[in-house]
Amino acid sequence: MARYDYDDYGWRPYVTRAERRRQALRTQKALRKSGKAVSPIEIVGRRIATTFWGGAWCDNLERYSDFANRLPRGRTYVRNGSVIDLQIAAGQVTALVSGSDVYSVMVTVAKVPASRWKTICRHCAGGIDSLVELLQGRLSTAVMEHLCKQGTGLFPTPHEIEFTCSCPDWASMCKHVSAVLYGVGARLDHQPALLFRLRQVDEQDLLARAGTDVPLSKMRPASSKILADEDVAGVFGVELARAAPIQALRRSRAPKTTQAAKSSDQIGRKSGPAGAKSSVSPTPAEPPKRSKPSATAAGRRRVTPTAKMSAAARNAVSERMKRYWQERRRQIGSSGKS
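Residues numbered from 1 in each chain as written. Predicted model: local features only at pLDDT ≥ 70, side-chain atom pairs only at ≥ 80, totals over all residues. Heavy atoms only, no water.

A.B. asks: Could you clarify how one ought to interpret the packing of aromatic side chains in this entry?
C.D. replies: Within a pair of aromatic rings, the relevant descriptors are the distance that separates the centres and the angle that separates the planes. Counted according to the given criterion, the structure contains five aromatic pairs. Aromatic pair W53 and F155: ring centres 6.3 Å apart, planes at 50 degrees, arrangement tilted. With W53 in helix 3 (residues 52–63) and F155 in the loop between helix 7 (141–148) and strand 4 (161–165), this pair connects stretches of sequence that are 102 residues apart. Judged by relative accessible area, which is 2%, F155 ranks as buried. The interplanar angle of 75 degrees and the centroid separation of 5.7 Å between the aromatic rings of W53 and F196 together place this pair among those described as edge-to-face. Of the two residues, W53 is situated in helix 3 and F196 in helix 9 (residues 193–198); the sequence distance between them amounts to 143 residues. Assigned by exposure class, W53 and F196 land together as buried. What links up through ring pairs into an aromatic cluster is the set F52, W53, W57, F155 and F196. (Phe/Tyr/Trp six-rings, centres within 6.5 Å; stacked < 30°, edge-to-face > 60°. Helix = DSSP H or I, 4+ residues; strand = E, 2+ residues; numbered from the N terminus. Buried < 20%, exposed > 50% of the residue type's maximum accessible area, 1.4 Å probe, protein only.)

Take a look at the structure:
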């Protein structure tokens, strides 16, 4: 079979895997010498990704038939160390891949739509307890389904990915782009937070919204789980006085009619007919003195020192409080899952 001339058809001569590897190492050395921070993809063994987020990214790529015919060559390239440098930023991945030459690859990933991200956060509310649990992928099955669901989850669809490569291959996705996409999965093994940066969302939203959509329970706790006043007083070492009833408080604040006011009123009634001047001028009544309500009548709490509880009694009260709040958290968690 005749070989095509490179100058006429634009095909580069075949380069063995060993030569590509040597070329990648030379390029890395030159870039580091020039002061550029290089971040190559290095695969140990056959598996490209070994953790939850890296494996989920690779599984997402392989679910789409749009990429099926180009992905196998990309797996070979990323395994033999052809991805010289890979950088992940907000909505963009840039890389250098060693092939017949060193090619520049750029992959643009669309931002997660706000409505989709809001739906993901709502479905995951109450199911993620900590950021460490999220990044390590230690999630419940329901949360994993919402995050990884095809088309509505966190991973991009083929329509949300655009890519370019400087190689002469005219295919929509060349093997260099495929290697970079698998390289992203390998990078997520060690830096899973880069996925949220790439999709331009804040992973803290999954924690901030946890429990906000859970309705409050209308059921009151059992009487055995409610701390009595004497238990609270024993724990904190104070005595709590009950507030006075509102009726007693109003009576204590009502102004009282003084004796001088009554005398003045009687003198006015004993005076002559209407229009006649009285020879006795009434003594002006003194303004009533308003009594100051006591602290108890004003509804204040009287705090007085009291004897401290024994260590055994204090521990018993603490255990009751702990069991109460554990039961409350369990009720809220079960309401969110239902």
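A.B. asks: Mind showing me how you'd approach the pattern of salt bridges here?
C.D. replies: Oppositely charged side chains can form a pair if their charged atoms are brought close together. If you walk through the whole model with that rule in mind, you get six salt bridges. A salt bridge links E62 to R75, with the nearest nitrogen and oxygen atoms 3.5 Å apart. One end of the pair, E62, is in helix 3; the other, R75, is in helix 4 (residues 71–79), and 13 residues separate them in sequence. According to the relative accessible area criterion, R75 is partly exposed, its value standing at 23%. Among the salt bridges present, the one from R199 reaches E160, with a minimum N-O distance of 3.5 Å. With R199 in the loop between helix 9 and helix 10 (205–208) and E160 in the loop between helix 7 and strand 4, this pair connects stretches of sequence that are 39 residues apart. Given the relative accessible area of 12%, E160 is considered buried. (Salt bridge = Lys/Arg side-chain N within 4 Å of Asp/Glu carboxyl O.)

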